[in-house]
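Each chain, written out:
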Amino acid sequence: MPSSWNDKRVLLVFADAAGPRVDEQTGAFLADRDALAERDMVVLAVVGDWIDPVFGDVPSGADAAALRACYGVEAGTPFTALLIGKDGGVKRREHKPVTPAEIFGLIDTMPMRRAEMREQ
């Protein structure tokens, strides 16, 4: 995981080619930018060899092949969405689009997020 993500939760959307599942997944999250910002999230689409910064920035030096290797997503995989926690661990892996409510709900049960909510 790129070190610039140490303070972020990351949703990585991997696909072999652009298409409706990538659009559905990224569009659903972009519809609630405030919720993404509140949860310190970055959303990136890794389509083929290209990284699209859907919400947030692509870390300098980030490479699509390296991200695939790091998270065990083989080139040519039609669709995989991964939620990466602030600790760098994979919190959820899906092979179909997942709703923001499911991801936000999962994040909101995590101890680190609960502490953040108490501090706010």
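Bear in mind the structure is a predicted one, so any value in this text is a computation, not a measurement.

Rules behind the numbers
- Residues numbered from 1 in each chain as written.
- Predicted model: local features only at pLDDT ≥ 70, side-chain atom pairs only at ≥ 80, totals over all residues.
- Heavy atoms only, no water.
- Pairing = 2+ DSSP bridges.
- Helix = DSSP H or I, 4+ residues; strand = E, 2+ residues; numbered from the N terminus.
- Axes fitted to C-alpha atoms, helices over the stretch in contact; angles between N-to-C directions.
- Contact = heavy atoms within 4.5 Å.
- Core = buried A, V, L, I, M, F, W, Y, C linked by side-chain atoms within 4.5 Å.
- Buried < 20%, exposed > 50% of the residue type's maximum accessible area, 1.4 Å probe, protein only.
- Arc of directions from axis to C-beta.
- Salt bridge = Lys/Arg side-chain N within 4 Å of Asp/Glu carboxyl O.
- Phe/Tyr/Trp six-rings, centres within 6.5 Å; stacked < 30°, edge-to-face > 60°.
- Lys NZ or Arg CZ within 6 Å of the ring centre and 35° of its normal.

Participant: Before we go on, may I ask you to explain the sheet that holds strand S4 (residues 79-84) in this structure?
Facilitator: Pairing between the strands of a sheet comes from backbone hydrogen bonds, and it takes one of two forms, parallel or antiparallel. Taken together, the five strands give an open sheet; going across it, the order is S3-S2-S1-S4-S5, and neighbouring strands pair in mixed fashion. In this open sheet, the two strands that pair with only one neighbour each are strand S3 (50-55) and strand S5 (90-94). Across this sheet, the average inter-strand angle for adjacent strands is 20°, counted without regard to direction. Pairing of strand S1 (residues 9-15) with S4, which is carried by six bridges, proceeds in the antiparallel orientation. Paired with alanine 15 across the bridge in S4 is phenylalanine 79. Packed onto the sheet, helix H1 (residues 20-30) meets S1, strand S2 (41-47), S3 and S4 and runs at close to 160° relative to S1. Taken strand by strand, helix H4 (residues 100-109) contacts S1, S2, S4 and S5, and its axis lies near 160° from that of S5.

Participant: Can you walk me through the nonpolar core in this structure?
Facilitator: Generally speaking, soluble globular proteins have nonpolar side chains that are buried together. Counting residues in each nonpolar core, the largest one holds 21 residues, and the members touching the most others are Val22, Phe29, Leu36, Met41, Val43 and Ile103. Top contributing element to this core by residue count: S2, with four residues. For valine 43, the residues in contact, after removing those within four places along its chain, are Leu11, Phe29, Leu36, Asp52, Pro53, Val54 and Phe55. In terms of nonpolar packing, the next biggest core, distinct from the first, is built from 13 residues, Val10, Leu44, Tyr71 and Val73 among them.

Participant: Explanation requested: H1 in the structure shown.
Facilitator: Side chains three or four residues apart in an α-helix point the same way, a direct result of the helix having 3.6 residues per turn. Restricting attention to buried positions, one finds in H1 the residues Val22, Gln25, Thr26 and Phe29. Each buried residue of H1 lies within a common arc of 85° when the element is viewed along its axis, so the set occupies one face. Away from its buried face, by an angle of more than 90 degrees, H1 presents the exposed residues Pro20 and Asp23. Buried residues along H1 sit against S1, helix H2 (33-38), S2, S3, S4 and H4.

Participant: Just to check I follow, could you spell out the pairing of S1 for this structure?
Facilitator: Side-chain positions along a regular strand alternate between the two faces of the sheet. Along S1, seven of the seven residues are buried, which leaves the element largely enclosed by surrounding structure. The alternating pattern of S1 places Arg9, Leu11, Val13 and Ala15 on one face and Val10, Leu12 and Phe14 on the opposite face, and all of these are buried. Relative to S2, S1 is paired through seven bridges, and the arrangement is parallel. Note that in S2 the partner of leucine 11 across the bridge is valine 43.

Participant: When you look at the pattern of salt bridges in this model, what are you seeing that I'm missing?
Facilitator: Pairs can form between side chains of opposite charge whenever their charged atoms are close. For the structure shown, the criterion picks out 11 salt bridges. Salt-bridge contacts for lysine 91 lead to aspartate 87; the nearest nitrogen and oxygen are separated by 2.8 Å. Between lysine 96 and glutamate 94 there is a salt bridge, with the nearest N and O atoms lying 3.7 Å from each other. Several salt bridges share partner residues, and in doing so they unite Arg9, Glu38, Arg39, Asp40, Lys86, Asp108, Arg113 and Glu116 into one network.

Participant: Would you mind showing me how to read the packing of aromatic side chains here?
Facilitator: Each aromatic ring pair is specified by the distance between its two centres and by the angle formed by the two planes. Scanning all chains against the criterion turns up one aromatic pair. Where phenylalanine 29 meets phenylalanine 104, the ring centres are 5.7 Å apart and the plane angle is 85°; that geometry is what we call edge-to-face. One end of the pair, phenylalanine 29, is in helix H1; the other, phenylalanine 104, is in helix H4, with 75 residues separating them in the sequence. In this structure, phenylalanine 29 and phenylalanine 104 share a single accessibility class: buried. Over the face of the ring belonging to phenylalanine 104 we find arginine 39, whose NZ or CZ atom lies 4.5 Å from the ring centre.

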